[in-house]
Amino acid sequence: MPKVLLLFFFIYSLWQLYFFIKLRSALPLSRTLSAILILVLLLLPFAPILVRVAEQAGLNELAKPLAFWSYLWLAFIFLFVVSGIILDTCLLGATTLSRWRPSLPLKRLTSPLAGLLIPASLALTLCLYGFFEARQIHTETVIINTPKLAAAHSPLRIVQISDVHLGLIIGRARLGRILTAVNQARPDILVSTGDLVDGQLDGMEELAEMLADIRPRYGKYAVTGNHEYYAGISHSLSFTKRAGFTLLQGEAIHLDGLLTLAGVNDRGRHAAELTGPSVEQNLLAPLDQSTFTLLLKHRPEISPDSFGLFDLQLSGHTHKGQIFPFSLLTNLFFVKNAGLLTIDEQCQLYVNRGSGTWGPPIRLLSPPEVTVIELRHDMTSPVPDVKPTLDSATKEK
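Residues numbered from 1 in each chain as written. Predicted model: local features only at pLDDT ≥ 70, side-chain atom pairs only at ≥ 80, totals over all residues. Heavy atoms only, no water.

## Looking at the environment of Leu 364
By the secondary structure assignment, Leu 364 is in the loop between β11 (347–351) and β12 (369–377). Residues Leu 364 and Phe 326, spaced 38 residues apart in sequence, show a C-alpha to C-alpha distance of 9.5 Å. The contacts of Leu 364, once residues within four sequence positions are left out, are Leu 79, Leu 126, Tyr 129, Glu 133, Gln 322, Ile 323 and Phe 324. (Helix = DSSP H or I, 4+ residues; strand = E, 2+ residues; numbered from the N terminus. Contact = heavy atoms within 4.5 Å.)

## Things to note about the sheet that holds strand β7 (residues 259–263)
The six strands lie next to each other as β6-β7-β8-β9-β11-β10, forming an open sheet whose pairing is mixed. Single-partner strands in this sheet number two, and they are β6 (251–255) and β10 (339–344). The mean inter-strand angle of the sheet, taken between neighbouring strand axes irrespective of direction, is 20 degrees. Both β7 and strand β8 (residues 293–296) contribute to a ladder of four bridges, which runs parallel. Across the sheet, Gly 263 pairs through a bridge with Leu 296, a residue of β8. (Pairing = 2+ DSSP bridges. Axes fitted to C-alpha atoms, helices over the stretch in contact; angles between N-to-C directions.)

## Some remarks on helix α5 (residues 112–133)
Helix length check: α5, at 22 residues, gives a terminal C-alpha distance of 32 Å against a target of 32 Å (1.5 Å per residue), a fit within 8%. Among the residues of α5, Ala 114, Gly 115, Leu 116, Pro 119, Ala 120, Ala 123, Cys 127, Gly 130 and Glu 133 are the ones counted as buried. (Expected span 1.5 Å × (residues − 1). Buried < 20%, exposed > 50% of the residue type's maximum accessible area, 1.4 Å probe, protein only.)

## A word on the confidence of the model for the protein chain
Per-residue confidence for the protein chain gives a mean pLDDT of 87, with 88% of residues at or over 70. By mean pLDDT, the top-scoring element of the protein chain is strand β3 (residues 189–193) (98), and the lowest-scoring one is strand β13 (residues 385–386) (44). Scored below 50 in pLDDT, residues 271–275 makes two contacts in the model with residues more than four places away or belonging to other chains. Ignoring residues within four places in sequence, the model shows residues 382–397, a span with pLDDT below 50, making 48 contacts including any to other chains. (pLDDT = per-residue confidence, 0-100.)

## What to know about unusual backbone geometry
That bond from Ser 154 to Pro 155 is cis: its omega, -5 degrees, falls within 30 degrees of zero. On the secondary structure map, Pro 155 appears in the loop between β1 (138–146) and β2 (156–161). In this chain, Phe 324 is followed by Pro 325 through a cis amide linkage whose omega measures 10 degrees. One non-glycine residue, Lys 320, lies in the positive phi region at around 50 degrees. Its location among the elements puts Lys 320 in the loop between β9 (312–315) and α11 (327–333). The residue Gln 322 is not glycine, and still its phi comes out positive at about 65 degrees. The residue Gln 322 is located in the loop between β9 and α11 in this model.

## Some words on the packing of helix α6 (residues 172–184) against helix α7 (residues 205–212)
One way to put it is that α6 packs onto α7 with a least axis distance of 11 Å and a crossing angle of 5 degrees. The orientation of α6 with respect to α7, classified from their angle, is roughly parallel. Contacts between α6 and α7 involve Arg 172, Leu 175, Gly 176 and Leu 179 on the former and, on the latter, Glu 206, Leu 207, Met 210 and Leu 211. For the contact of α6 with α7, the residue count by class is five nonpolar, one polar and two charged. (Parallel < 35°, antiparallel > 145°, perpendicular 65-115°, else oblique. Nonpolar A, V, L, I, M, F, W, Y, C, P; charged D, E, K, R; others polar.)

## Overview of the pattern of salt bridges
Two side chains bearing opposite charge may form a pair once their charged atoms approach each other closely. Using the criterion set out here, one finds 12 salt bridges in the structure. One salt bridge in this structure joins Arg 299 and Asp 266, with 2.7 Å as the shortest N-O distance. Of the two residues, Arg 299 sits in the loop between β8 and β9 while Asp 266 sits in the loop between β7 and α10 (279–284), which places them 33 residues apart along the sequence. Both residues of the pair, Arg 299 and Asp 266, belong to the buried class. A single salt-bridge network, built from bridges that share partners, covers Arg 52, Glu 55 and Asp 198. (Salt bridge = Lys/Arg side-chain N within 4 Å of Asp/Glu carboxyl O.)

## Structural notes on the side chain of Ser 327
Within the fold, Ser 327 resides in helix α11. The contacts of Ser 327, once residues within four sequence positions are left out, are Lys 320, Gly 321 and Asn 337.

## Observations regarding the nonpolar core
Trp 15, Phe 19, Phe 76, Leu 79, Phe 80 and Ile 323 are the most contacted members of the largest nonpolar core, which totals 33 residues. Of all elements in the fold, only α1 (2–26), α2 (31–43), α3 (47–56), α4 (60–98) and α5 reach the threshold of two or more residues within this core. Broken down by element, the residue count for this core peaks at 12 residues, all from α4. In this structure, Ile 323 is in contact with Ala 75, Phe 78, Leu 79, Pro 360, Ile 362 and Leu 364, ignoring residues within four places of it in sequence. Counting residues in hydrophobic clusters, the runner-up holds 30 residues, among them Leu 190, Met 210, Leu 237 and Leu 247. (Core = buried A, V, L, I, M, F, W, Y, C linked by side-chain atoms within 4.5 Å.)

Encoded structure:
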């Protein structure tokens, strides 16, 4: 984790330097103003640490606005740098071309002021759009035909939430919209595939009660994500149980006549301890393979020695990058960034884009999601039939 933090601070600092150079080139700044600006830009990468310290000290009135505005700045500076680099690259190409086409009107576009205002305006516009996109909960419906579900129980509706990140930024209003979408989906089973919480959990009893009010007829089940450990694993597990979820920590539950639910802890802090056969293989191998097996696992990683031991794995973690073009990076690290992956005729992976947000309270080309997995009895076609739908829940007023 320290290496990841160091890399984050280094990259964030480079973004700040790029912004300062653009600003200094475009505007006349006094020595005093430049010094103040440099100090602020140097401190901003450490704002997430200050937020955690304020949380732990019980200073939520300070932590909330600090988290909101510092994470919003993080999104802005990321989009500013991406926009600026694209603009600089295009202008470099156009400047080269203008040597052969002197009539090209590049003077205004190549001015330092344009180099600041164009990416800043684009980044601000995208942040505003992403802020509202993050509040429109989409329902994605995936229909899976299987011979392993009894006809008497078909269709069976499994609703998945993931990466809600309840905490300073995701509170009552955002959770209310997520639960509206869950209720509209009429779940038989509700599952949470990790990162239900984020940060300190003091004063979140109301949020636990809101979740506890959802009572599907076959229950609610959850697994841990990496943020449950960051928030404090004992407190996170306690909150999840108060919210009415049955935690699956390397365990399987048989719902007679329906399916088998299995779940594993996130491997985040304990990857070095995983030697020999995978946790999934040890968990899944003894299970009755004639029953539909649903595996809950936070990260969309499939252990090769678990192939054929489950029918469907539900995961999250990626947020589909949350802010485009970050999705291009998450595509490189995971076998599936979002949506359904068919591994073979009887083994699939579905990756939820995330129901909330982490860090910046915006999403860009990656709207928050509640997933409805509808299992249908079908003796002839085990291959899933995927039909995505977009049902917007209530927007923030």
